[in-house]
Every structure is written in C-alpha cells, then in structure tokens.
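Residue strings, one per chain:
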Amino acid sequence: MQILQRYRYLHEALARTAAGQLPARGDWDLKLGLCRHLYEDAEAAESLRKRIPQMRTSAAVLNKEPDPCLTLLMDELIHARNDYELAVGIYGIIRPAMLAAYRNHMARTQQIVDQPTIRVLRQAAYDLEEQVRWGEELLEALRSAGAYDEAATASFAAKLQACLDAAGGVDGQGERSKDIPVRDRSREPYRLPHRSVRDPRSMGPTTLARTGSPLKSGDPVERELVMKMRVRQEEMTACELIAAVYYSQRNMPWAFYYDLARHIWDEARHAMFGQAALEADGYEWKSRPQYTSDYDVNAPKLPGAQYTWLSIGIEEGAMISNGKKKEYEWCRDVAKHPLMAQFQDYDWADEVVHANFGRRWSPELMGEELPFVREVAKRELNHFWGEVGAAQQQWEAEAK
Ligand SMILES: [Fe+2]
Ligand SMILES: [Fe+2]
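Before going into details, it helps to say that this report is about the structure given with it. In this text, all values refer to a predicted model and were calculated from it rather than measured experimentally. (Residues numbered from 1 in each chain as written. Chains lettered and ligands numbered in written order. Predicted model: local features only at pLDDT ≥ 70, side-chain atom pairs only at ≥ 80, totals over all residues. Heavy atoms only, no water.)

Moving on, we get to the overall build of the chain. When helices and strands are tallied, the chain shows 14 helices and two strands. Structurally, the chain occupies a C-alpha span of about 65 × 50 × 40 Å along its principal axes. Here the chain holds 400 residues, and 56% of them are scored as buried. Of all intrachain contacts in the chain linking residues separated by at least 6 positions in sequence, the fraction that spans at least 24 positions is 82%. The averaged location of the 60 negative side-chain charges in the chain is 3 Å from the averaged location of its 52 positive side-chain charges. (Helix = DSSP H or I, 4+ residues; strand = E, 2+ residues; numbered from the N terminus. Buried < 20%, exposed > 50% of the residue type's maximum accessible area, 1.4 Å probe, protein only. Contact = heavy atoms within 4.5 Å. Lys, Arg positive; Asp, Glu negative; His and termini not counted. Charge placed at Lys NZ, Arg CZ, Asp CG, Glu CD.)

Listed below in structure tokens is the structure:
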C-alpha cells in the first residue's frame, strides 16, 4: 500500500507540474505532450485512488505526501527553466524510473493476491512506455536544435536524480540515504508566467487578435473554414488557462483535478484538430501569429474567475447559443468538408462535457450559487471582449 501511495503521489505531482509549466513552455509538441500525459497521469492516479483504500487503508492517506525526498524532487522539477530541462526531468529521469518500478512490481508480486493492483499497473505501464518512447524522440529533437546549455541541464538533472536516489527510488525499496538533499531552486516559489509562451524559433509571435492564414482563393466559404481551423488550432490558449487554474487552485477535492485534467487534454485535442485540418489542406499555421488571449487576458484573475469565464461564459454560452451545433452543421452542409465536420462533431460533444464541468466546479470555486456565477461570467466576458476587440481592430487596421 505504501508503494502504491508513492506511485499515486508521483502521477498527481507530475500532472500538477505539467499544468504549472505548460504556459511557460514554448515547443509546440512538448506542449501537446504535457497535456496528453497529465491526463494519463490523472487516469492512473484515479485508478490508484480506488485501489489503495481496498487494502485496509483509510482514504485519508490519499491526500498525504508519502516521502519528503519525492516531494523535493517534484518541487525542484517545477523550476525547470526551459523546454529541454523540463523534458529531461520528466521523460529522461522520472517516467523511465516509474516504468522500471512498475515492471519490477508486476513481475515480482504474488500474481493471484495482487491481481487487481497488477491490472492498474499494466495500464499505467502501457501509458508510461508510450510516454517514454515519445519523450526520447522529443529530447533528440530538442538536443539537435543545439539551443540549450548542456552543462546547466546536466546539473539540474543530477539534482533530480539525487532526490530520487535519496528516496530509495520510485518504490522506496532501494537503499535510502540518511543524507537528506537540500533545496536548490525550490527555495523560491514557482510563479506562473504573466503571458504564455510560443517557441519563437519555430512559431509566430503571440497576439490577442485572430489572424487566420493566407488563403488560396479568398472566397467567403474558404475564409470562414480556414478561420475555423485556426480557431481550433489556437485552443492551446484554453489549455493554458485551465492549467493555470489546475496549478494555482489548491485543496480542492481530487475529482476537481481529475475533471480539469480531462478538460485540458480535450482542448489540446481541439488544437490538434485545427493543426491536422490546416496541414491536410496545405495552410500555413505555425509561422503565423499565435492567439494567446484566453491565458494572457485572464492571467491576473483568481482561479474561480478564470474558470467561470471559460466554462460558464464561453462553453456554457456556446450551448445556449447553439454555437457548437451551428459550427458542425456549417462544416457539414456549407463547406462540405468531411474532416472538419467530424472534428466539429466531436468538439461539440466535448464542449457539452465542459459546460457540465463549469456548472459543477465554478460555483464551488466562487463559493456562490450558479445564478451569481453566471453574472460573474457576463462581467468577465465583457472585460475580455473589451481587451480582445481592441487588439482585433488594431490588427485589421494594420492588415489594410
Ligand atoms: Fe475546445
Ligand atoms: Fe472546451
């Protein structure tokens, strides 16, 4: 049970670290990977949270940190200063160590008595295998870009490894050091960035305006279709906003973080919808300006106001106005674009889920009933459209 507690802790801490780091990281593929893997971490943690209390253990242990050295490991990890450091920590050190521990656990435990645990670990190990393989490719790409300080990264990695070793490894069964490691970067608190980041080496600048993509024919249907693709692709900014809520709102029930992990990954999938459609039809998106308003405009707000703006203001609003249904029907019937119609169909289904998340969690975050929360959402929307509308006008004036 104590070992499963460590696994649970690591999955939850990795998810929270990915959420805190997401707005600060630039590499597009890394960003998408962080979103997917934090969702998979939340799924693994959810299964472990069901399993642990079945072993004559009080559910009260589920909110405890099992080992101060593991806590220090994660406290230091969140202070990664660039994409490469973060990727080395997650995909070069921690996830491979978890995978090795799970394989060892599954091989050595009594197969009959521990079958329910093995079943949980088998799924987690399957995800970890994919994550580690994906991470190796990403690390290779980041390394070959040659833009990172290898010596600084090596010393950051050595710190993380020292914390893990002092903890006796992932499962705590290795030799535990009596020399407790000290804080290094984590003597300062980690802060979310004021503005979200896109890798300037491979992507266009961030902007508060919707800038679309250069068109082939310029007819109105093409214009609207391509704009829809870009709006999907730019949903990364929604992932970052939810990630900021996930990271900065402490002491909520686990179900809150579990739902938000799904919410983040859904918005990343929507971004992939847009990317895939643009690339399939040969439209440039990566070098174009990147819309980051969801995060940037809302960054100074409290998590409750941030989540209310998105989940009630935007997402519930899109249900009330039938906006998602209309987008789907337009792609099917007017643009007659099967791929985008399929994407919009699933996007709509996801947004129904998100509006429900909003009705569940925004009142809890605000400490108020839904009618009050809906009034807050209206004000937040007014503020948001004020900022974004001005940026849009300026962009359009410059484009002429
Ligand atoms: Fe979305
Ligand atoms: Fe959504």
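Now for the environment of K286. As for its placement among the helices and strands, K286 is situated in the loop between helix 9 (254–280) and strand 2 (290–291). Sequence separation between K286 and Q233 is 53 residues; the distance between their C-alpha atoms is 9.6 Å. Apart from the residues within four sequence positions on either side, K286 is in contact with W28, S202, M203 and G204.

Attention now goes to the coordination of the iron ion (ligand 1). Here the iron ion (ligand 1) is held by E235 (OE), E267 (OE), H270 (ND1) and E351 (OE), and the distances to it run 1.9 to 2.4 Å. Around the iron ion (ligand 1) sit four donor atoms, and with donor-metal-donor angles ranging over 81 to 164° the site reads as irregular. Expressed as a motif, the donor residue spacing for the iron ion (ligand 1) is E-x31-E-x2-H-x80-E. Between the two metal centres, the iron ion (ligand 1) and the iron ion (ligand 2), the spacing is 3.4 Å, with E267 acting as a shared donor. Linking H270 in helix 9 with E351 in helix 13 (residues 338–366), this pair joins segments that are 81 residues apart in sequence. On the accessibility criterion, H270 (0% relative accessible area) is buried. (Donors = N, O, S within 2.8 Å, 3.2 Å for Na, K, Ca; no water. Tetrahedral: all angles 85-135°; square planar, octahedral: opposite > 155°, others 65-115°.)

Ranked by size, the top nonpolar core spans 112 residues in total, and within it L73, M74, Y102 and Y246 carry the most contacts. It is helix 4 (residues 83–108) that contributes the most residues to this core, 13 residues altogether. Shared between two domains, this core takes at least three residues from each, and those domains are domain 1 (2–175) and domain 2 (206–399). (Core = buried A, V, L, I, M, F, W, Y, C linked by side-chain atoms within 4.5 Å. Domains from an automatic or database assignment.)

Before going further, it helps to examine the packing of aromatic side chains. By the definition in use, this model includes 13 aromatic pairs. Summarising the aromatic geometry, the rings of Y7 and Y102 are spaced 4.4 Å apart at their centres and angled 55° between planes, so their arrangement reads as tilted. With Y7 in helix 1 (residues 2–21) and Y102 in helix 4, the pair connects residues that are 95 residues apart, well separated along the chain. As far as burial versus exposure is concerned, Y7 and Y102 are alike and both buried. Between Y190 and Y247, the aromatic rings sit 5.7 Å apart at their centres with planes inclined by 85°, giving edge-to-face as the arrangement. One end of the pair, Y190, is in the loop between helix 6 (150–166) and strand 1 (206–207); the other, Y247, is in helix 8 (residues 236–248), with 57 residues separating them in the sequence. Comparing Y190 with Y247 shows no difference in burial state: the two are buried. In textbook terms, an aromatic cluster arises when at least three aromatic residues are bridged by ring pairs, as seen for Y246, F256, Y257 and W361. Here the guanidinium or amino end of K228 rests over the ring plane of W330, the centre of that ring lying 4.7 Å away. (Phe/Tyr/Trp six-rings, centres within 6.5 Å; stacked < 30°, edge-to-face > 60°. Lys NZ or Arg CZ within 6 Å of the ring centre and 35° of its normal.)

Attention shifts here to helix 12 (residues 323–334). Compared with the 16 Å implied by 1.5 Å per residue over twelve residues, the 15 Å span of helix 12 between its first and last C-alpha is a close match. Structurally, helix 12 contributes buried residues whose contacts are with helix 7 (220–233), helix 11 (303–320) and helix 13. Looking one or two residues beyond helix 12, the residue adopting positive phi is K336, at roughly 50°. (Expected span 1.5 Å × (residues − 1).)

A packed helix pair is summarised by two numbers, namely the angle formed by the two axes and the spacing between the axes. In contact at an axis separation of 10 Å, helix 2 (residues 28–51) and helix 5 (residues 115–145) are set at 170° when each is read in the N-to-C sense. One way to sum up the angle between helix 2 and helix 5 is to call them roughly antiparallel. Here the hand of the crossing between helix 2 and helix 5 comes out left-handed. Contacts between helix 2 and helix 5 involve D29, L30, G33, R36, H37, E40, A44, S47, L48 and R51 from the former and P116, T117, V120, A124, D127, E130, Q131, W134 and L138 from the latter. Partitioning the contact of helix 2 with helix 5 into residue classes produces eight nonpolar, five polar and six charged. (Axes fitted to C-alpha atoms, helices over the stretch in contact; angles between N-to-C directions. Parallel < 35°, antiparallel > 145°, perpendicular 65-115°, else oblique. Left-handed = near helix turned anticlockwise from the far one by under 90°. Nonpolar A, V, L, I, M, F, W, Y, C, P; charged D, E, K, R; others polar.)

To continue, consider the side chain of S213. The residue S213 is located in the loop between strand 1 and helix 7 in this model. Classification of S213 as buried rests on a relative accessible area of 9%. Only 2.6 Å separates the side chain of S213 from the backbone oxygen of E284, close enough to count as a polar contact. Excluding its chain neighbours within four sequence positions, the residues that come into contact with S213 are V226, R230, L278, Y283, E284, W285 and R288. (Polar contact = N/O pair within 3.5 Å; in protein donor to acceptor, adjacent residues only side chain to side chain.)

What follows covers the coordination of the iron ion (ligand 2). Ideal values for angles at a metal depend on the geometry: 109.5 degrees with four tetrahedral donors, 90 or 180 degrees with six octahedral donors. Distances from the iron ion (ligand 2) to its protein donors, E267 (OE), E315 (OE), E351 (OE), E351 (OE) and H354 (ND1), fall within 2.0 to 2.4 Å. All donors to the iron ion (ligand 2) come from one chain, and their sequence spacing reads E-x47-E-x35-E-x2-H. Residue classification places E315 among the buried positions, given a relative accessible area of 3%. In this structure E351 comes out as buried when scored by relative accessible area, which is 4%.

If you walk through the whole model with that rule in mind, you get 37 salt bridges. Between E240 and K31 there is a salt bridge; the shortest N-O distance is 2.8 Å. Of the two residues, E240 sits in helix 8 while K31 sits in helix 2, which places them 209 residues apart along the sequence. A salt bridge links R360 to D259; its shortest N-O distance comes to 2.9 Å. Note that R360 is positioned in helix 13 and D259 in helix 9, a separation of 101 residues in sequence. (Salt bridge = Lys/Arg side-chain N within 4 Å of Asp/Glu carboxyl O.)

Our next topic: unusual backbone geometry. The phi dihedral of N251 falls on the positive side, at around 65°, and the residue is not glycine. Here N251 lies in the loop between helix 8 and helix 9. Accessibility expressed as a relative area gives 77% for N251, which makes it exposed.

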